[in-house]
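In case you want the letters, here they are:
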Amino acid sequence: PFLFAARRSLRSENAADLYTSMDATLAALAPHAASGRTFLSTLGDHDVDRLASAIGADTPETIGRARAAAAVLLLQPFPPVIYYGDEIGMLGREAHYGGDANDIHRREPMKWLRVAGPPMSHYTVLHHKAHASLASADADGRSVEEQVGVPGSLLETYRTLIRLRRGTPALRHGGYTPVTTDQPGVWCFDRDLQGASLRVAINLTGRRLVCTPGEGPTIEIEPYGYRVVPRED
């Protein structure tokens, strides 16, 4: 349920579904929390349309939604799982070839290189219709080679967020408290752990926003960006 709610919020650029779904997910976990059990969180897998395609991050105007999706996945409270290729914005939707072949475009080979070739897999050639209409294309900007080390790229955004999560115990293990703001396009919440309190704000829109939480100072967030700041009581 969280996967689809997050996708709806990212596509509509409205945080309402994120608030509702996270509350419901935590309520579903509550009976099991004492035993140390938890949920894993993912925004993509091999049985649904690729994240970037599903949220409409496939145009120059909306490609930033994939950065907001990275923040949603890596700053929410559950251990994150990244479906391969989402970290470089690979595209792919369900096809209508019949049988399992319908999922080929959701499972195209990892786009390591700017121009497809060894050591990348070439397995799609086994299905001529799928191979003739691949979602991935040479030099489309959605490869590791084209993004690695490039400041602001989607891959480096994921890497930055992973480092932040690894280095911040409150983001890995802290509680979650939703925070309402005056901006419907912002998902805002607190992460608290043993006296450390952080406020997270994720901008799902393509506009620079200044949001005012119910309590605390205003937060300015770049388009499709995020802020993690110490909470001020």
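Relevant structure appears above.
Engineer: Would you take a moment to explain the overall build of the chain for this structure?
Structural biologist: Assigned secondary structure in the chain consists of 8 helices and 8 strands. Taking 233 residues into account, the globule formula puts the C-alpha radius of gyration at 17 Å, and the chain, at 19 Å, falls close to it. Once the C-alpha set of the chain is aligned to its principal axes, its extents read approximately 60 × 40 × 30 Å. Counting the 233 residues in the chain, one finds 48% classified as buried. Sequence-distant contacts in the chain: of pairs separated by 6 or more residues, those separated by 24 or more amount to 61%. As presented, the chain carries roughly 11,400 Å² of accessible surface, and 56% of it is formed by carbon and sulfur atoms.

Engineer: Would you take a moment to explain the pattern of salt bridges for this structure?
Structural biologist: Between side chains of opposite charge, pairing is possible as soon as their charged atoms come close. Across all of its chains, the model carries 15 salt bridges by this definition. Two residues, Arg 50 and Asp 86, come together in a salt bridge whose shortest N-O distance is 3.3 Å. Here Arg 50, found in the loop between β1 (41-42) and α3 (51-54), pairs with Asp 86, found in the loop between β2 (80-81) and α5 (128-132); they are 36 residues apart in sequence, far enough to count as distant. You can call Arg 50 buried: its relative accessible area is 1%.

Engineer: So what exactly am I meant to see when it comes to the nonpolar core here?
Structural biologist: Note on soluble globular proteins: their nonpolar side chains tend to be buried together. Counting 46 residues, the largest nonpolar core has Leu 43, Val 72, Trp 187 and Ile 202 as the members making the most contacts within it. A total of 9 residues in this core trace back to one element, the largest contributor, which is helix α4 (residues 65-75). Ranked by size, the runner-up nonpolar core spans 5 residues in total, among them Ile 88, Met 90, Met 110 and Val 144.

What counts and how
Residues numbered from 1 in each chain as written. Predicted model: local features only at pLDDT ≥ 70, side-chain atom pairs only at ≥ 80, totals over all residues. Heavy atoms only, no water. Helix = DSSP H or I, 4+ residues; strand = E, 2+ residues; numbered from the N terminus. Rg over C-alpha atoms; globule rule 2.2 N^0.38 Å. Buried < 20%, exposed > 50% of the residue type's maximum accessible area, 1.4 Å probe, protein only. Contact = heavy atoms within 4.5 Å. Areas by Shrake-Rupley, 256 points an atom, 1.4 Å probe, with all protein chains shown as cover. Salt bridge = Lys/Arg side-chain N within 4 Å of Asp/Glu carboxyl O. Core = buried A, V, L, I, M, F, W, Y, C linked by side-chain atoms within 4.5 Å.

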